[in-house]
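Chain by chain, the residues:
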Amino acid sequence: MSAASCLQSKHQFLCCICLDVFTDPVTTSCGHNFCKNCITEHWNSNVQYLCPMCKKVFNTKPELHVNTLLSEMVSQFRQEAQQKASSSISEQQAAKPGEVPCDVCTGTKLKALKSCLVCLTSYCETHLEPHLTMSGLKRHQLMDPVENLEDRMCMKHDKPLELFCKTNQTCVCMLCTYSDHKTHEFVPLKEEYEGKKAELGKTEAEIQQMIQKRRLKIQKIKQSVELSKEAADRETAEGVQVFTALKESVERGQAKLINSIKKRQKKSEKQAEDFIKELEQEISELMKRSSEVEKLSHSEDHLHLLQNFSSLKAAPPTKDWTEVSIRPPSYEGTVVRAVAQLEDTLSEEMKKLVKAELKRVQKYAVDVTLDPDTAYPELILSDDGKQVNHGDKRKNLPDNPKRFSDCANVLGKQSFSSGRFYFEVQVKRKTEWTLGVARESINRKGQITLRPQDGYWTIWMRNGNEYKALAGPDVDLSLKSQPQKVGVFVDYEEGLVSFYDIDTVDLICSFTGCSFTEKLYPYFSPCPHDGGKNSAPLIICPVNHTA
C-alpha cells in the first residue's frame, strides 16, 4: 500500500476493492473505476461478471481499457501524496525500542498510533488515515498499539477473539460458541472488560489503601526508632552520670582510705623518731660520762682521783625503757568501713535510678478490673471489681472454661498482646499473696504450678515475711522491708516483667528474656484467709505517680 496523504480528492483515487490508490485504473461500461488487476481477479474468482459497486451483471466479460485521464490524475496524486508523506514522515517519530512500529511503513518504521483488531495491523499516523475517513473501515475496532496481534486470533478457527467464556474464564471466537463452548455462558469482550476494569479499579484502590497504610506504618516505625534512640541516649546519659558518680565516689573512698592509713603510719613513725632521738641523747650523755670515768680511773694522782670521784658518783637522769615499745597501728575494719560507706552511696544512687525508672513505667498505667468469670468460687470480689479476698464458703457458680476450679486465683478482665502496661496492688495487712501476669492458655483446672514454663510470671509472699520469685526453680528474695503496695510492669515486646515496692521505691525483682506469644492477663491470688489472719483483700489502686 502506498503512503496516501490527507488530500481533498483522495477518495476519488481509491479502488473500492483494494482500498488503495488506483493502479492502472480502468472504467466499466457502468461508469465505475477499479484497478485493472483488482477487477480482473474479482471476475476470475466469481461465476458472474458484476460490478462490485452497483452490482450490474454483464452477460460476457467486459473488455477493459485503461482510463488515461484518471491514470494521469492518479500519477499526479501519487507525486503529491509522496511529497506530503515524506514531509509527514520527517515530522513523525521513528519507533523506539519497546514501542510498537507501523506494519505498513517501508524503510524507517514509524511509531504506531493504533492497532486494528480486524486487519490485525498496526498503523502510524499516515497509514491510519483510511480507517478514520472511509465508511467501510470506520467500523473496524481500533485500540492502542500492541504487538503480536496474531495472539488475538483464535488458534483453532483463525477468527478474532471477540467473546468471553464465563464458564471457562477464557477469550473465544464466534465459532467457538458452536463447538467446544457450545453450552457455556458468553458475554462480549467489552462487557467483561468493563467488569474486570471495575474490579481492577477496586483492586487498585485497595492496593493504594494498603500502600498508604504501610507508608503510615513506616512512618510510625521510624518514629518508634527515633523515640527508641532518644530513650537510648537518655538512658546512656543517665548511666554515664551514675557510673561517673560511682567512680568518683570509689576514687574518693580509695583516697580517704589510703590517707587514713598513711596518717596512722606517719603517727607511728613520728613516735618512733621521738623515742630514737631521746635514746640517742641519753646514749650521748652516757658515753660522755663513760669517757670521764675511764679517764679518772687511769689517774695515778691520789689527790686528783679522790677530789673528782664525788662528781662522778651522781649519774645523769635517764628513762626506764623497759616498758617502752612502738605498737603498730591497727587497720582492722578500715577497708570494711570504707566499702560499707561505698555501699551506702551505691544504695542511694540505686534508689535514685529506681525512682526515675518507676516514674517512667507509671506512665503506662492501665485501668484493671477483676473478671468474675475467672474467679475461684470461694473468692469475694467487690462490686467495682477492684478488691478480692478469700471467703469461708464456696459459692455455687457455673464451672465455665475460664474459671479456676481449685486455686484461689482470679484474672483481670483486660488483656494485652503488645506494648507496655502497669498496675499497682495494695497488699497491706496480708500474710500471704501472689501477684503477676498469666498468658491466656494457662491451665485453670485442678492444681496449678506457678512458673513461666506454664504461663505464669509471678512473685509471692508466705508466712508474713518470706518472698520468692516463682521462676521455676523459685528464687528467694531478700527485701529490706515488707511491701505495702506492689507495682507490676510488663514490656511485651522486650519480654520483661518487673515488680516494685512503691513505698520504699525499690525494685523487688524482674523476669527478663521472656517470650510472649499470647494475650497476657493481670493475675491475682489473695490466698486462703487462714482463720482470719489473711482476710485482708488485695486492692487494685489508682496510680499516684512518683514525684
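Preceding this paragraph is the structure being described.
Described below are features of the structure shown in this document. All of these numbers come straight from a predicted model, not from anything done at the bench. (Residues numbered from 1 in each chain as written. Predicted model: local features only at pLDDT ≥ 70, side-chain atom pairs only at ≥ 80, totals over all residues. Heavy atoms only, no water.)

Description of the overall build of the chain
From N to C terminus, the chain includes 7 helices and 23 strands. In terms of overall dimensions, the chain is more spread out than a globule: its C-alpha atoms have a radius of gyration of 56 Å, far above the 24 Å expected for 547 residues. Within the chain, the fraction of its 547 residues that count as buried is 33%. The long-range fraction of contacts in the chain, counting pairs at least 24 apart against all pairs at least 6 apart in sequence, stands at 57%. Placing the 74 positive and 75 negative side-chain charges of the chain at their respective mean positions leaves the two points 4 Å apart. (Helix = DSSP H or I, 4+ residues; strand = E, 2+ residues; numbered from the N terminus. Rg over C-alpha atoms; globule rule 2.2 N^0.38 Å. Buried < 20%, exposed > 50% of the residue type's maximum accessible area, 1.4 Å probe, protein only. Contact = heavy atoms within 4.5 Å. Lys, Arg positive; Asp, Glu negative; His and termini not counted. Charge placed at Lys NZ, Arg CZ, Asp CG, Glu CD.)

Considerations on the pairing of strand S22 (residues 520–525)
Sheet faces and side chains relate simply in a regular strand, where the side chains alternate between the two faces. Taking burial as the measure, the 6 residues of S22 include 6 buried ones, the bulk of the element. The pairing of strand S13 (residues 410–411) with S22 spans 2 bridges and is classified as antiparallel. Residue valine 410 lies in a different strand from S22, and its bridge partner there is phenylalanine 524. (Pairing = 2+ DSSP bridges.)

What about the pairing of strand S19 (residues 485–491)?
The buried fraction of S19 is high, at 6 of 7 residues. Looking at chain direction, strand S14 (residues 420–426) and S19 are connected through 7 bridges and run antiparallel. Paired with glutamate 424 across the strands is glycine 487, a residue of S19. Pairing of S19 with strand S20 (residues 496–501), which is carried by 6 bridges, proceeds in the antiparallel orientation. In the strand pairing of S20, valine 488 is matched with phenylalanine 499. Linking S19 back to S20 in an antiparallel pair, the connection comprises 4 residues, with glycine 495 at a positive phi of about 70°.

A look at the sheet that holds strand S7 (residues 142–143)
Spatially, S6-S5-S7 is the arrangement adopted by the 3 strands of the open sheet, whose pairing is antiparallel. Edge strands, defined here as strands with exactly one partner in the open sheet, are strand S6 (121–123) and S7. In this sheet, S6 lies alongside strand S5 (residues 114–116) in antiparallel orientation, the contact comprising 3 bridges. Paired with serine 115 across the strands is serine 122, a residue of S6.

Regarding the side chain of arginine 403
With respect to the element layout, arginine 403 can be found in the loop between strand S12 (387–390) and S13. Nearest to the buried, unbridged arginine 403 among oppositely charged side chains is aspartate 373, at 4.6 Å. Among the polar contacts made by the side chain of arginine 403, one reaches the main-chain carbonyl oxygen of proline 398 at a distance of 2.9 Å. Residues within four places of arginine 403 in sequence aside, it is in contact with Pro372, Asp373, Thr374, Ala375, Pro377, Leu397, Pro398, Arg444 and Lys445. (Salt bridge = Lys/Arg side-chain N within 4 Å of Asp/Glu carboxyl O. Polar contact = N/O pair within 3.5 Å; in protein donor to acceptor, adjacent residues only side chain to side chain.)

Comments concerning the packing of helix H5 (residues 189–297) against helix H7 (residues 334–361)
At their nearest, the axes of H5 and H7 sit 10 Å apart, and the two run at 165° to each other. Judged on the interaxial angle alone, H7 and H5 are roughly antiparallel. Considering how the two elements wind past one another, H5 and H7 form a crossing that is right-handed. Across the interface between the two elements, Arg234, Glu235, Glu238, Val242, Ala245, Leu246, Ser249, Val250, Lys256, Leu257, Ile261 and Arg264 of H5 pack against Thr334, Val335, Arg337, Ala338, Gln341, Leu342, Thr345, Leu346, Glu349, Leu353 and Arg360 of H7. Of the residues belonging to the contact of H5 with H7, the class tally is 11 nonpolar, 4 polar and 8 charged. (Axes fitted to C-alpha atoms, helices over the stretch in contact; angles between N-to-C directions. Parallel < 35°, antiparallel > 145°, perpendicular 65-115°, else oblique. Left-handed = near helix turned anticlockwise from the far one by under 90°. Nonpolar A, V, L, I, M, F, W, Y, C, P; charged D, E, K, R; others polar.)

So, the sheet that holds strand S9 (residues 170–172)
If you trace the 3 strands from one edge of the open sheet to the other, you get S9-S8-S10, paired in antiparallel fashion. The strands lining the two open edges of the sheet, one partner per strand, are S9 and strand S10 (186–188). Taken over all neighbouring pairs, the strand axes of this sheet differ in orientation by 35° on average, direction set aside. Set on the sheet, H5 makes contact with strand S8 (163–165), S9 and S10; between it and S10 the angle comes to about 85°.

Observations concerning the packing of aromatic side chains
The relative placement of two aromatic rings is captured by the distance of their centres and the angle of their planes. By the definition in use, this model includes 11 aromatic pairs. Taking 5.9 Å as the distance between ring centres and 85° as the angle between the ring planes, the aromatic pair formed by phenylalanine 275 and tryptophan 321 counts as edge-to-face. Of this pair, phenylalanine 275 sits in helix H5 while tryptophan 321 is found in the loop between helix H6 (302–313) and H7, placing the two residues 46 residues apart along the sequence. Ring geometry for tyrosine 492 and phenylalanine 516: centres 5.4 Å apart, planes at 45°, overall tilted. Remark: phenylalanine 516 occurs in the loop between strand S21 (506–511) and S22 and tyrosine 492 occurs in the loop between S19 and S20; sequence separation between them is 24 residues. An aromatic cluster is defined as three or more aromatic residues linked by ring pairs; in this entry it consists of Trp43, Tyr49 and Phe58. Directly above the aromatic system of tryptophan 321 lies the positively charged group of lysine 319, at a separation of 4.8 Å from the ring centroid. (Phe/Tyr/Trp six-rings, centres within 6.5 Å; stacked < 30°, edge-to-face > 60°. Lys NZ or Arg CZ within 6 Å of the ring centre and 35° of its normal.)

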